[in-house]
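Residue-level structural notes
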Amino acid sequence: AQSVSQHNHHVILSEAASLELGCNYSYGGTVNLFWYVQYPGQHLQLLLKYFSGDPLVKGIKGFEAEFIKSKFSFNLRKPSVQWSDTAEYFCAVTSNSGYALNFGKGTSLLVTP
Amino acid sequence: DARVTQTPRHKVTEMGQEVTMRCQPILGHNTVFWYRQTMMQGLELLAYFRNRAPLDDSGMPKDRFSAEMPDATLATLKIQPSEPRDSAVYFCASGPRTDNEQFFGPGTRLTVL
């Protein structure tokens with residue numbers, strides 16, 4: 001069955017610490033990969049996406065993600081987090097032939113001053 | 001700045017009542033999605049439409065939920081009768097013809113007592 005796994009459910013970091021959130025997927029065929037962020041009380045916003053090409057993708061607010069096909073992974077990274085990065089982060093996948101997003105369970109990030 | 005809009009933003013109702021949620025997709029987008037977010041299940045796809053035609057509603061309880069697109073500017077999600085387990089945040093998202101990216105609305109927070 002197609003699935004998306006986010007291994008870290010809750011992460012607490014101090015400001016300026018580096019961040020890496022794991023995402024693994026189980027899908028056959030070509031995939032499109034996304035990271036969305038949901039700030040407290042707000043709707044989901046796209047951080048970055050991968051469709052094809054360079055597997056290292058840069059998004060907004062200093063985030064980046066690397067697609068490693070052999071590991072079925074699309075981990076999200078940021079070298080130095082800020083308090084304003086406190087939010088829920090969702091990895092999502094679609095197959096190339098369909099548009100519906102299959103979301104991971106999300107990772108709650110708390111950045112302390 | 002084009003955005004997906006949803007009404008109402010909050011709805012509190014009693015078990016057994018009918019609930020109708022509305023979504024206005026971004027003008028020109030030809031795909032519309034309904035997702036439900038709960039603490040236990042995370043983000044789940046309920047239904048999606050392309051060019052106003054329903055493509056997949058397998059995630060929706062058919063006996064009580066219905067989704068329609070009366071025209072290209074309006075999508076509706078109806079629950080009749082509502083139950084306490086339907087309490088969740090319901091997100092609408094729309095996507096353009098040429099891209100898999102989805103743009104999310106602010107959500108409707110439904111509480112069924």
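Within any chain, residue numbers begin from 1 and follow the written order of that chain's sequence. Here every chain gets a letter starting at A, and every ligand a number starting at 1, in the order they are written. Local features in this predicted model are restricted to residues whose pLDDT is 70 or higher, and side-chain atom pairs enter the listing and the counts only when it is 80 or higher, whereas totals over whole chains, interfaces and linings include all residues. Hydrogens and waters are ignored; side-chain quantities use all the structure's heavy atoms.

To continue, consider the overall build of chain A. Helix and strand assignments follow DSSP, with helices taken as H or I runs no shorter than four residues and strands as E runs no shorter than two, numbered in order from the N terminus. Scanning chain A from N- to C-terminus turns up zero helices and twelve strands. Throughout, the radius of gyration refers to the C-alpha atoms, and the reference size of a globule is 2.2 Å times the residue count to the power 0.38. For chain A, the C-alpha radius of gyration of 13 Å lies close to 13 Å, the compact-globule estimate for 113 residues. Judged by the C-alpha coordinates and their principal axes, chain A covers about 45 × 25 × 20 Å. Only protein chains enter the area calculation, which uses a 1.4 Å probe; residues under 20% of their type maximum are buried, those over 50% are exposed, and those in between are partly exposed. For chain A, the proportion of its 113 residues judged to be buried stands at 48%. Counting only contacts in chain A whose residues sit at least 6 apart along the sequence, the fraction spanning at least 24 positions is 54%. In short, Shrake-Rupley with a 1.4 Å probe defines the accessible areas, and a residue's cover is counted only from the protein chains shown. On chain A, roughly 5,400 Å² of surface is accessible, and the fraction owed to carbon and sulfur atoms is 53%. One finds the centroid of the 8 positive side-chain charges in chain A at a distance of 6 Å from the centroid of its 7 negative side-chain charges. Here a residue-residue contact requires only that any non-hydrogen atoms of the pair lie within 4.5 Å. For the charge count, each Lys or Arg is scored as positive and each Asp or Glu as negative, with His and the chain ends excluded. The atom standing in for a charge is NZ when the residue is Lys, CZ when it is Arg, CG when it is Asp and CD when it is Glu.

Moving on, we come to the interface of chain B and chain A. Taken together, the contacts link 19 residues of chain B with 18 residues of chain A. Carbon and sulfur atoms make up 55% of the area that chain B and chain A hide from each other, which totals about 1,700 Å². Three residues, Leu43(B), Asn100(B) and Phe104(B), lead the burial of chain B against chain A; their summed loss comes to 37% of the area buried on that side. Basic side-chain nitrogens of Lys or Arg form a salt bridge, by our definition, when they fall within 4 Å of a carboxyl oxygen of Asp or Glu. At the junction of chain B and chain A, the tally comes to one salt bridge. One salt bridge in this structure joins Lys49(A) and Glu101(B), with 2.8 Å as the shortest N-O distance. Polar contact is defined as a pair of N or O atoms within 3.5 Å, subject to the rule that within protein one atom must be able to donate a hydrogen and the other to accept it, and that residues adjacent in sequence are counted only when both atoms are side-chain atoms. Between the two partners, chain B and chain A, sit five residue pairs in polar contact (both at pLDDT 80 or more). Going through the elements one at a time, strand E4 (31-38) and strand E5 (42-50) of chain B are the ones with two or more residues in the side of chain B that touches chain A. All amino acids are sorted into three groups, where Ala, Val, Leu, Ile, Met, Phe, Trp, Tyr, Cys and Pro are nonpolar, Asp, Glu, Lys and Arg are charged, and the leftover types, Gly among them, are polar. For the side of chain B that touches chain A, a count of residues per class yields nine nonpolar, six polar and four charged. Buried area: the accessible surface (1.4 Å probe) lost by two parts on joining, summed over both.

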